[in-house]
Amino acid sequence: MALLEAKNLSISFGGLRAVDEFNISIEKGQLYGLIGPNGAGKTTVFNLLTGVYKPTEGIVTLNGIDITAKKTIDLNKAGIARTFQNIRLFKDLSVLDNVKAALHNHYVYSTFDGIFRTPKFRKCEKAMNERAMELLKVFDLDEKADILASNLPYGKQRKLEIARALATEPKILLLDEPAAGMNPNETLELMETIRFIRDKFDMTILLIEHDMKLVSGICEELTVLNFGRILTKGKTSEVLNNPEVIKAYLGDE
Amino acid sequence: MSFLSYLIKGISLGSVYAIIALGYTMVYGIAKMLNFAHGDVIMVGAYSVFIMSTSLGLSPIFGVLTSIVVCTALGLTIERVAYKPLRGAASPLAVLITAIGVSYLLQNIALLVFGANTISFTSVINISPITFGSNGELTISGETIVTIIAGIIVMVGLTLFVNKTKMGHAMRAVSEDKGAASLMGINVNATIALTFAIGSALAAIAGVLLCSAYPTLNPYTGAMPGIKAFVAAVFGGIGSIPGAMIGGVLLGIIEVFGKAYISSQMADAIVFAVLIIVLLVKPTGILGKNIQEKV
Amino acid sequence: MKKLLTNKIFKNNLITYGIVIIAFVVISIIKGTGNLSSLFTGLLVPLCAYIILAVSLNLVVGISGELSLGHAGFMCVGAFSSALFSKCVVGTMPDGLRFLLALIIGSVLAGIIGVLIGIPVLRLKGDYLAIVTLAFGEIIKNIINVIYIGRDSKGFHFSMTSEMDLNLEAGGETLINGAQGITGTPKDSSFLIGFILVMITLFIVLNLINSRDGRAIMAIRDNRIAAESIGINITKYKLLAFTVSSVLAGAAGVLYSHNLNNLQATSKNFGYNMSIMFLVFVVLGGIGNIRGSIIAAVLLTLLPELLRGLNAYRMLIYAIVLIAIMLFNWAPGALAFREKYSIKNWLSKKTGKEEM
């Protein structure tokens, strides 16, 4: 059974069909790519899968359970975590606190515990710190735990966002253009990291990306979106050699 | 008959709210900010008329025109000095708090210049009332007639302006998407300034009508009507021009009926209960659109 | 590394507590020697109430990123409900217990109203909280001014028109007399109690901020959509911050009312002007900076009393301060200018140090 499955997912904005009959089936442990020209509806698909938008039609299942049109919070609790195309960090919180905020639903103590600094608070905070530092270490951010998230260099901000998403202990991780704005060296490093996350956390990853080197380097399967519809899907090498895909990217000559 | 006369009074008060609400709603639509000082521009407008017509004894028409010029200039200055620098600020609270500061500044300048005492305002409208029924059961004052007519003219004029003129199209484009509008060659800053100018000119008209119908004036005169007009704008659907008009008129009727049939002291509370109910039941208001934040 | 951070926060909080304790001790000593003017002495309890309000408002404005313009209204609710209670039960229980119960009643009632306002408003995006709280602050004042409550051998009497309308029998007592308010509230407040309440407020607010809840609240402030994406319940945490804040504002009201023989709801003590004054405390002290709020509250309460001549211009100055600080601290242009000409930058350029 597929881990994440969407069937006939569609959404219209004022008559315009931004995503039309989108189907996807992602197996556990897969590294899956969603590509397509600008404005093809890739981020809209992410927003549908994470509850930012409610689909006009279609269903989404996670581990066979229907999660269509659930709220973002519940979807995260169910096991979907994401990053954003335009980085959305908690900029006035420290790097450590960015991750700790994401541990919110996994290390729980009451408001009373928090205000009165009960033993439960101490124990929980200690465990949170350890867990957060562990995650930061994976991304080489542990040395920067104390500084404000907004003071991180761009590439590290992207990594922090991934660390934060992982902290919610998702079943599937959705990365929206993780390599955007990175130089080739950083992109190479990021590819390593993504592969590492998949192996270390046994994670399933769906990513949107424009960087073809990254896509062909790490994705096992691809779905190509064009004008809100699926153009083609399949093994990465086959898809990238498909003349229709090349035409969609380079335009009709 | 009293029901009918309350209804007409409500529509008249509502027309004033509507004219003020138009200013709020346009500015909110285009600059995405709640211009707290809008109500106090009304007060400045009313004082301008008072000085021109009562103190200097000039013709009321001249007073009204002066008031429009003063308020427009004031609106433009506030936008330029206090709001424009904060465009793109990290926190949306920044411009809101500044707007409160401006509102407070205007009130306190008026307090220093004119004093805290309420002065009686001489109506600028000189039309004899219309009486219905053999014993004058229903009397509609000149102020009421002029206010309702002014409300209709403003509404129609503004709708035509926004839908038919180039500047109106620019305003709509900027309120939809600033980035795209500027790529289309629209001067975003000038368009926002224009919106403030129109809103403030409307505030001047509202000030004259308000103080003619309720002939008192003090530095806080604009505050409460300003807030209620914002409620009206939310009621009708913030960002919508016909919404502001409908919301304004409905709120005016609710307030007058509340005063007449429930309790005069509780009238304000009733108006705000309306706001709470609207926010609970339909936060986008009667004609409002649901605006999705881009992710 | 993580040790370092928690230590830093701990140290920072200790400094805040320390400043308050030292100020209390110093003022108490001066007061003990009889060198404190009566004007100054009379200001001590209201000052403590203002500090509590400034800190609690900063929890909403600075930590939660919402704007409340009705904090004077919550204070008003706390003040009147507790004063009414104290007046009703005076003589039936020990003074300490009475004040404790009054404190609980005043704060809980303010908190309940906070929840009632917060539920419809805080689930929405936008500036609705500002306008609704502003309206609440004005309305609660108007309502209290038309409430008449009396008591005689037959029980309680209630009216919204006049004292006469209560129809009290001879020997009956008017508890709330409309615009004349409540007279004869037992004077339970003192500088010591004010100090204790300030410390409790700091304890609650600082610990709340540095906990799981505080992180959630600030995460929402910084990025609502991202906070949602990591499973944080937006409405719940916005409501938590706002409710705690209104409870504390209510407590400040209890402190305030039990310091006055005659309590009235006027625009001078519970009106819009007061809510703006609290906002000025927060903005001047630094949005999100709790210690700054305390210092600003003290300075802006004491300075005008020392500079009486400026009293007419006080509100005007507040308005200008508010605008100037917002522009200076938040305008992108001003920030770029400060960055360019900051002393730190100038120094690092001089010494040729690399910027990070």
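Predicted, not measured: the structure shown is a model, and the values here were computed from it.

Cut-offs and rules
- Residues numbered from 1 in each chain as written.
- Chains lettered and ligands numbered in written order.
- Predicted model: local features only at pLDDT ≥ 70, side-chain atom pairs only at ≥ 80, totals over all residues.
- Helix = DSSP H or I, 4+ residues; strand = E, 2+ residues; numbered from the N terminus.
- Rg over C-alpha atoms; globule rule 2.2 N^0.38 Å.
- Buried ≥ 20, exposed ≤ 12 C-beta atoms within 10 Å, placed from the backbone.
- Contact = placed C-beta atoms within 7 Å.
- Nonpolar A, V, L, I, M, F, W, Y, C, P; charged D, E, K, R; others polar.
- Pairing = 2+ DSSP bridges.
- Axes fitted to C-alpha atoms, helices over the stretch in contact; angles between N-to-C directions.
- Domains from an automatic or database assignment.
- Expected span 1.5 Å × (residues − 1).
- Parallel < 35°, antiparallel > 145°, perpendicular 65-115°, else oblique.
- Left-handed = near helix turned anticlockwise from the far one by under 90°.
- Core = buried A, V, L, I, M, F, W, Y, C linked by C-beta atoms within 7 Å.
- Arc of directions from axis to C-beta.
- pLDDT = per-residue confidence, 0-100.

Enquirer: Sorry, what's going on with the overall build of chain B here?
Expert: Secondary structure summary: chain B contains 11 helices and 4 strands in total. Expected size for 295 residues packed as a compact globule is a radius of gyration near 19 Å; at 19 Å, chain B falls within 12% of this value. The buried share of chain B, taken over its 295 residues, is 54%. Counting contacts in chain B only where the partners sit at least 6 residues apart, residues at least 24 apart contribute 74% of the total.

Enquirer: Even after reading the chapter, I still don't get the overall build of chain A, so can you show me in this structure?
Expert: Within chain A one finds 10 helices and 10 strands. Since a compact globule built from 253 residues should have a radius of gyration of about 18 Å, the 19 Å found for chain A is in line with a globular shape. For chain A, the spread of C-alpha atoms along the principal axes amounts to about 65 × 40 × 35 Å. For chain A, long-range pairs separated by at least 24 residues make up 66% of all intrachain contacts whose partners lie at least 6 apart in sequence.

Enquirer: What is the right way to look at the interface of chain C and chain B in this model?
Expert: Buried accessible area, meaning the area lost when the parts come together, often serves as the stated size of an interface. At the interface, 36 residues of chain C touch 34 residues of chain B. Among the secondary structure elements, those contributing two or more residues to the side of chain C that touches chain B are α4 (95-122), α5 (128-144), α11 (272-285), α13 (314-330) and α14 (332-341) of chain C. Of the residues in the side of chain C that touches chain B, the class split is 31 nonpolar, 3 polar and 2 charged.

Enquirer: It is not clear to me how the pairing of strand β3 (residues 31-35) of chain A should be interpreted in this structure. Could you clarify?
Expert: Residues and elements named next belong to chain A. Most of β3 sits inside the fold, with 5 of its 5 residues counted as buried. Here β3 shows no split at all, with L31, G33 and I35 on one side and Y32 and L34 on the other all buried. By the bridge criterion, 4 bridges tie β3 to strand β9 (residues 221-226) in an arrangement that is parallel. What sits directly across from L34, in β9, is T223.

Enquirer: Before we go on, may I ask you to explain the sheet that holds strand β1 (residues 148-152) of chain C in this structure?
Expert: Across a sheet, strands are paired by hydrogen bonds formed along the backbone, either parallel or antiparallel in direction. All names here are of chain C. Within the open sheet, the 3 strands sit side by side as β2-β1-β3. Their pairing is antiparallel. Only two strands of the sheet have a single partner each, and these edge strands are β2 (155-159) and β3 (173-177). Along the sheet, successive strands turn relative to each other by an average axial angle of 20°, direction set aside. In this sheet, β3 lies alongside β1 in antiparallel orientation, the contact comprising 4 bridges. Bridge pairing in β3 places R151 opposite E173.

Enquirer: Looking at this structure, I do not really get the pairing of strand β1 (residues 4-13) of chain A. What am I missing?
Expert: A regular strand places its side chains so that they alternate between the two faces of the sheet. Residues and elements named next belong to chain A. Pairing geometry for β1 and strand β4 (residues 57-62), over 5 bridges, is antiparallel. Bridging across to β4, S10 finds its partner in E57. Where β1 and strand β2 (residues 16-26) come together, 7 bridges link them in antiparallel fashion. Considered in β2, the bridge of L9 is made with F22. The hairpin turn running from β1 into β2, its antiparallel successor, is 2 residues long, and G14 in that turn takes a positive phi close to 50°.

Enquirer: What am I meant to see in the domain arrangement of chain A here?
Expert: Residues and elements named next belong to chain A. Domain annotation for chain A reports domain 1 (1-79 + 170-253) and domain 2 (92-161). In this complex, domain 1 contributes 6 residues to the contact, which on the side of domain 2 involves 6 residues. For the side of domain 1 that touches domain 2, the residue count by class is 2 nonpolar, 2 polar and 2 charged.

Enquirer: Could you clarify how one ought to interpret helix α4 (residues 93-114) of chain B in this entry?
Expert: Residues spaced three or four apart along an α-helix point in a common direction, a consequence of the helix completing one turn every 3.6 residues. Between its first and last C-alpha, α4 of chain B extends 31 Å over 22 residues, near the 32 Å set by a 1.5 Å rise per residue. Positive phi appears at G115 of chain B, one or two residues downstream of α4 of chain B, with a value of about 80°.

Enquirer: Would you mind showing me how to read the packing of helix α11 (residues 267-281) of chain B against α5 of chain C here?
Expert: When two helices pack together, their arrangement is given by the angle between the helix axes and by the axis-to-axis distance. Look at α11 of chain B against α5 of chain C: their axes get within 10 Å of each other, and the N-to-C directions meet at 150°. The angle between the axes of α11 of chain B and α5 of chain C places the two elements in the roughly antiparallel class. Seen along the crossing, α11 of chain B lies across α5 of chain C with a hand that is left-handed. Residues D268, A269, F272, L275, I276 and L279 of chain B of α11 of chain B touch α5 of chain C, and the partners they reach there are Y128, V132, A135, E138, I139, N142 and I143 of chain C. Taken together, the residues of the contact of α11 of chain B with α5 of chain C sort by class into 10 nonpolar, 1 polar and 2 charged.

Enquirer: Would you explain the nonpolar core in this entry?
Expert: For soluble globular proteins, nonpolar side chains are generally found buried alongside one another. Within the largest apolar cluster, 288 residues are counted, with the highest numbers of intra-cluster contacts made by I52 and A54 of chain C. With near-sequence residues (within four places) excluded, A54 of chain C lies in contact with F278, F281, V282, G285, S293, I294, A296 and A297 of chain C.

Enquirer: Sorry, what's going on with helix α5 (residues 119-138) of chain A here?
Expert: Residue and element names in this part refer to chain A. The terminal C-alpha atoms of α5, which comprises 20 residues, lie 29 Å apart, in line with the 28 Å expected from a rise of 1.5 Å per residue. Taken residue by residue, α5 has E125, M128, N129, A132, L135 and L136 as its buried positions. For α5, the buried positions fall inside an angular range of 135° around the axis, keeping them on one side. Residues P119, R122 and E130 are exposed on α5 and point more than 90 degrees away from its buried face. D140, located one to two residues past α5, shows a positive phi value of around 60°.

Enquirer: Help me understand the environment of I140 of chain C in this model?
Expert: All names here are of chain C. Along the chain, the position of I140 falls in helix α5. Taking the C-alpha atoms as reference points, I140 and F74, 66 residues apart in sequence, are found 8.8 Å from one another. Apart from residues no more than four positions distant in its own chain, I140 is found in contact with G73, C76 and V77.

Enquirer: Sorry, what's going on with the packing of helix α2 (residues 38-63) of chain C against α11 of chain C here?
Expert: Residues and elements named next belong to chain C. Packing of α2 against α11 leaves a shortest axis separation of 9 Å and a crossing angle of 70°. Here α2 is positioned roughly perpendicular relative to α11, judged by the angle of their axes. Relative to α11, α2 is oriented so that their crossing is right-handed. On the side of α2, the interface is formed by L53, A54, L57, N58, V61 and G62, while α11 contributes F278, L279, F281, V282 and G285. Each residue belonging to the contact of α2 with α11 can be placed in one class, and the counts come to 8 nonpolar, 3 polar and no charged.

Enquirer: Explain the environment of L112 of chain B here, please?
Expert: All names here are of chain B. Inspection of the secondary structure puts L112 in helix α4. Since 14 C-beta atoms lie within 10 Å of it, L112 is described here as partly exposed. Once the C-alpha coordinates of L112 and V274 are considered, the two residues, 162 residues apart in sequence, prove to be 35 Å apart.

Enquirer: When you look at the sheet that holds strand β7 (residues 172-176) of chain A in this model, what are you seeing that I'm missing?
Expert: Residues and elements named next belong to chain A. Taking strand neighbours across the sheet as the criterion, the 6 strands line up as β6-β7-β8-β3-β9-β10 in an open arrangement whose pairing is mixed. Every other strand in the sheet has two partners, leaving β6 (80-82) and β10 (229-235) as the edge strands with one partner each. Taken over all neighbouring pairs, the strand axes of this sheet differ in orientation by 20° on average, direction set aside. Inspection of the sheet shows β3 paired to strand β8 (residues 204-208) by 4 bridges, in the parallel sense. Within β8, the position partnered with L34 by the bridge is I208.

Enquirer: Teacher, can you tell me more about the confidence of the model for chain B here?
Expert: A low pLDDT score tells you not to read the predicted coordinates there in detail. Residues with a pLDDT of 70 or more make up 97% of chain B, whose mean pLDDT is 89. Scored as a complex, the prediction yields pTM 0.91 and ipTM 0.93.

Enquirer: Honestly, unusual backbone geometry in this entry has me stumped. Any pointers?
Expert: Peptide bonds are trans in most cases, and residues, glycine excluded, mostly fall at negative phi. All names here are of chain A. The backbone phi angle of R117 is positive, close to 50°, even though this residue is not glycine. Along the chain, R117 turns up in the loop between α4 (111-116) and α5. Assessed through the 14 C-beta atoms surrounding it within 10 Å, R117 is described here as partly exposed.

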